[in-house]
Structures are given as C-alpha cells and as structure tokens.
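Here is how the chains run, residue by residue.
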Amino acid sequence: MIDSENKSFVQRCITPDCHAEYKLEDRLYVCSRCGGLLEIDRLEDTALDPASLRELWRTRRASDDTRDRSGVWRFREFLPFDEDTRIVSLAEGNTPLYDAPRSADYCRLTQLKLKHQGCNPTGSFKDTGMTAAVTQARKLGARVVVCASTGNTAASLAAYAARAELVCAIIVPGGQVSHAKLAQALDYGAKVLEIESNFDSCMNAIREVSEDASIYLVNSINPFRIEGQKTVAFELAEQLEWQVPDHLVLPGGNLGNSSAFGKGFRELLKIGLIARQPKITVVQAAGAAPFARFYSDPEQHGFVNEEHPKTLASAIKIGAPVSWQKAWRAVSETGGSVITVSEQEIADAKALIGRDGIGCEPASATTVAGIRKLVADGAIKEDETVVAVLTGHLLKDTDYVMKYHSNTLIAPDKEQIASNFGNPVNHAHPVKSFLDRITGT
Ligand code: F0G
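Not measured: the values here are computed from a predicted model.

> What's the story with the side chain of N254 in this structure? I'm lost.
Mapped onto the elements, N254 comes out in the loop between strand 10 (247-251) and helix 9 (256-271). Excluding residues within four positions of it along the chain, N254 makes contact with F199, M203, S220, I318, A320, P321, V322 and S323.

Right, here's the structure in full:
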C-alpha cells in the first residue's frame, strides 16, 4: 500500500560544498548562499515498494481523475506537492513511443524508438514541466508568471497561465521565434516583448526583474519545472516495461531537459524501479554548442559560453545554458556523451523522421542526426537499444520544412542546405500524368 500523503521534499543547492537546504515555499531560483542551482530533494522517509508503485501507476491509467489523466501527475508520489494541491493541468504527458524503422535504417540500427514529446497539448515537451511550475506559481500566490524563450516555453507557459488565470509576460529574441510558436503565445493571451538580441540576453533580462515577489520565473532554472519534466523518464521506463534502453539521446539548448531526464532515471534507480540508467547523450547544433565544447575538454577551459550562437534550429539557438551543471551530472554519471551535428545533418534527419510518418521540429532532429554519427563512429552498436526524444511537433516550424523541400533552405553561414530528401510541390502537370509519374506506370 502506498501512502501518498507521507512524503517530504526540500529544495537543495547542488553545489557540492554548499548543499544549502530551503523550504518548498521559499521563492528562489538559485541558492541564496552560493548562487548555485537548486534541485528538489525527496527525503527518504517512506519505503516505497517498486511493485506496488508500478501497479498503482498502471491502475491510474484507467481512472478519470484529472491527476490520473495527466502523464505527469500520475507519478505524483515523486512530485513535491501535497495530495490536495489544486493542480494546473492540460492532460499533458502520456506521449507515444514510436518504432521508427526508416530512421533506424538511416542510422544503421536494428531498431530505433522515438519518444514524441511534441504530442503534448501545446506541441512540445515543455508542458510536462509547465504543469508543475505553474501549479507552484499559484501555490505561492504569484500574480505574474514570466519566461524568456526561443518559442516553445513561451507557448507552453502562455497556455498554462491562461488555465490558471495568471498574467503571463514573455521575452523573446526579435525575429528568431517561429510564427507558429509566437501565434500560440498570442492566442493564449500572453503579453509578448521582443528584444533585438538573442535568447541569452532575454534570459538575463528576465532574471533581473524576477526578484519581485509577485513575479514567478518559470524557465528551467526553476527546479519545479524540472520535477514535472523528470516524469517523462518514468513514463518512458513504464512504456518499456521498466527495461531502460542502452542509450537515450536528446537535443540540448538551455539543458533543462537533459537535467530532468538525468534526475528522473537517478530517482528510478534509487528506488529500484529500474536496474541501471541509460547512457544519456546530448546533441547540439554545431553553431550553438558550448556544452559539447565543454564535454570535449572539461578540465582544460571550464565552461565557456558561446557568444554568438547560430543555427536554423531556433529552439536550441542558445549560447549560455543555465542548467549545464545538472546536465553535466546526467551525462557523466550515466557514461553518455555530448556531440554536435551540422545544419545539413539536422535537415536531412528531420526529413527522414517525417518519412516514418512521425515528424518533428528541427531541434528534435539533432537526435537522429547524432545517433547516425554515433553508430558510424562505433559509439553505439547496431543492435543496442536506443530511444531518441523528439521535443517538438513538426508544425512548430513549417517555414523551415517548406524551404527544405523546395531546396531554398539557407544555413546561417549562407551555405545552401542540399535538399537530399526533398519532396517539392509539383506544378503544371495534368493529374493523370502526375499520378502515372509517381506510381511509375
Ligand atoms: N527542443 C525544443 C523543441 C526546444 O524548444 C528546446 C528548448 C530544446 C529542444 C532544448 O531543451 O533547453 O531543455 O535543453 N527550448 C527553450 C524554449 C529554450 O524557450 O522554448 P533544453
């Protein structure tokens, strides 16, 4: 029997020689003693039995309770909220885990699975974190929720803020957010400010103003965001009948998602729900790759931000990732890696994922591009089990898709991207000859 009431959590600084502890009600984003990142620590006051937990979580899938219908709140034994908390939910999570045979062939793998976080209510993985962060905002009595964003956090926060009837203010880099993402934020009623700079400047600007007690910052520096996002590791493990893959591969931008997966698998291992952790590999676009540079030589230079990040995968055009220490822990603890892929590799992998009938936005395709490289280099063996996390929906950036298929996609360095798997719209063919041509008759 699981007693869900009997759980307790604190906020704790992750800096090894600090580890300062704070109450959940303390409205903090970093440690007030040393400035380090904070994470939620689950105090081990209850013996949770893995078999009972599996059964409980499985049973909830047949329930109509709002919390049970959410792929995040279904795992609430591991979330830092009381049973009677008024949650802000849009039935997030419960996303599909697809077999992707064409993408597997492309990577020269026997099998590849794609965990599609783009199938969340606002079309990206951000919703799994936002449900927790906005629930915490309401609990703290915040009036205004804010974030800086390359687009998806904006769309997600705007939706959850609307559900919670909170004022929502969003800062975005001018001209660098896809129309689809901006349109979502506007339609959900958020107030959007464009700054003529990049994401990292937007992030700095919003951190400065969020000291005000009525304002709550929900970028992934916020540890409650990470709590929601970590449940994707739980859901994935459950979908795989608690047998984790050899490798989990995901894109890296601000590095909140990698941190969340690391925390999720760590907690599952600790409680005995899984027997080992997957190797976590983070893939960055070559033009926005400070984490990959750090990985290649962690002792030598320390972490150096990328001052002018460049990539058409606008979601991950980030040079100063706020959560890099947590993501580093996830990668190093699991024996994973951090690699880069080129604009051409991203574009081709994205088209291939589309051919599996799945599709994703450009940032998500770094995963399949990265896996292909890792298999070619021998770092992933042909018969190993691999899951790639697709973070955003295909419809998030249709401008990119149309340009790729019409052979007009230009990389930031002005190089033309070859449309290797292009599928242009046809013109000026009578219907009969068009059909004859594509059927080969
Ligand atoms: N993929 C997509 C589609 C994203 O939107 C993001 C981040 C990432 C990957 C990278 O995830 O930051 O946790 O490493 N988007 C943020 C935003 C920054 O503002 O929407 P991360």
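On we go.
> For this particular structure, what's the right way to read the pattern of salt bridges?
Side chains that differ in sign of charge can pair as their charged atoms come close. For the structure on display, the rule yields 28 salt bridges. Between R329 and E39 there is a salt bridge, with its nearest N and O atoms 3.4 Å apart. Here E39 lies in strand 3 (residues 38-43) and R329 lies in helix 12 (residues 324-334), a separation of 290 residues in the sequence. The exposure class of R329 is partly exposed, given its relative accessible area of 33%. For the salt bridge of R58 with E55, the shortest nitrogen-to-oxygen distance reads 3.2 Å.

> Before we go on, may I ask you to explain the sheet that holds strand 13 (residues 386-390) in this structure?
Backbone-to-backbone hydrogen bonds pair the strands of a sheet. The strands run either parallel or antiparallel. In space, the six strands of this open sheet follow the order 4-5-13-10-11-12, with mixed pairing throughout. Where the open sheet ends on each side, the last strands, each with one partner, are strand 4 (97-99) and strand 12 (338-341). Neighbour-to-neighbour, the strand axes of the sheet open up by a mean angle of 30°, direction not taken into account. In this structure, strand 10 lies alongside strand 11 (residues 279-285), joined through five bridges in parallel fashion. From the neighbouring strand, L248 faces strand 11, where its bridge partner is I280. Running at roughly 155° to strand 10, helix 9 makes contact with strand 10, strand 11 and strand 13 of the sheet.

> What am I meant to see in the site of the ligand here?
The environment of the ligand is formed by 21 residues, the closest being T150, G253, N254, L255 and T391. The backbone of N254 places a nitrogen or oxygen atom 2.7 Å from an oxygen atom of the ligand. Within the side chain of T391, a nitrogen or oxygen atom sits 2.6 Å from a nitrogen atom of the ligand. Calculation on the ligand without its partners gives an accessible area of 470 Å², and the protein chains cover 99% of this total. Its atoms largely coinciding with the cavity grid, the ligand occupies the largest cavity. Only helix 5 (152-164) and helix 9 provide two or more residues apiece to the shell around the ligand. Among the residues making up the shell around the ligand, the classes are represented as seven nonpolar, twelve polar and two charged.

> Can you walk me through the packing of aromatic side chains in this structure?
Evaluated as defined, the whole model comprises 17 aromatic pairs. Between W57 and W242 the ring centres are 6.2 Å apart and the planes differ by 35°, which places this aromatic pair in the tilted class. Note that W57 is positioned in helix 1 (residues 50-60) and W242 in the loop between helix 8 (223-239) and strand 10, a separation of 185 residues in sequence. In this structure, W57 and W242 share a single accessibility class: buried.

> Just checking my understanding: could you explain helix 15 (residues 398-405) for this structure?
A turn of α-helix holds 3.6 residues, and therefore any two residues three or four places apart point the same way. Buried within helix 15 we find Y400, V401 and Y404. Angular distribution of buried residues about the axis of helix 15 spans 100°; they occupy a single face of the element. Of the surrounding secondary structure, the elements contacted by the buried residues of helix 15 are helix 13 (343-355) and helix 14 (362-376). Following helix 15 by one or two positions, N407 has its phi on the positive side, about 60°.

Reading the values: rules and limits
- Residues numbered from 1 in each chain as written.
- Predicted model: local features only at pLDDT ≥ 70, side-chain atom pairs only at ≥ 80, totals over all residues.
- Heavy atoms only, no water.
- Helix = DSSP H or I, 4+ residues; strand = E, 2+ residues; numbered from the N terminus.
- Contact = heavy atoms within 4.5 Å.
- Salt bridge = Lys/Arg side-chain N within 4 Å of Asp/Glu carboxyl O.
- Buried < 20%, exposed > 50% of the residue type's maximum accessible area, 1.4 Å probe, protein only.
- Pairing = 2+ DSSP bridges.
- Axes fitted to C-alpha atoms, helices over the stretch in contact; angles between N-to-C directions.
- Near = heavy atom within 4 Å.
- Polar contact = N/O pair within 3.5 Å; in protein donor to acceptor, adjacent residues only side chain to side chain.
- Areas by Shrake-Rupley, 256 points an atom, 1.4 Å probe, with all protein chains shown as cover.
- 1 Å grid on protein atoms, 1.4 Å probe; cavity = no way out; pocket = protein on both sides within 12 Å on 5 of 7 lines; lining within 4 Å.
- Sits in = over half its atoms within 2 Å of the grid points.
- Nonpolar A, V, L, I, M, F, W, Y, C, P; charged D, E, K, R; others polar.
- Phe/Tyr/Trp six-rings, centres within 6.5 Å; stacked < 30°, edge-to-face > 60°.
- Arc of directions from axis to C-beta.

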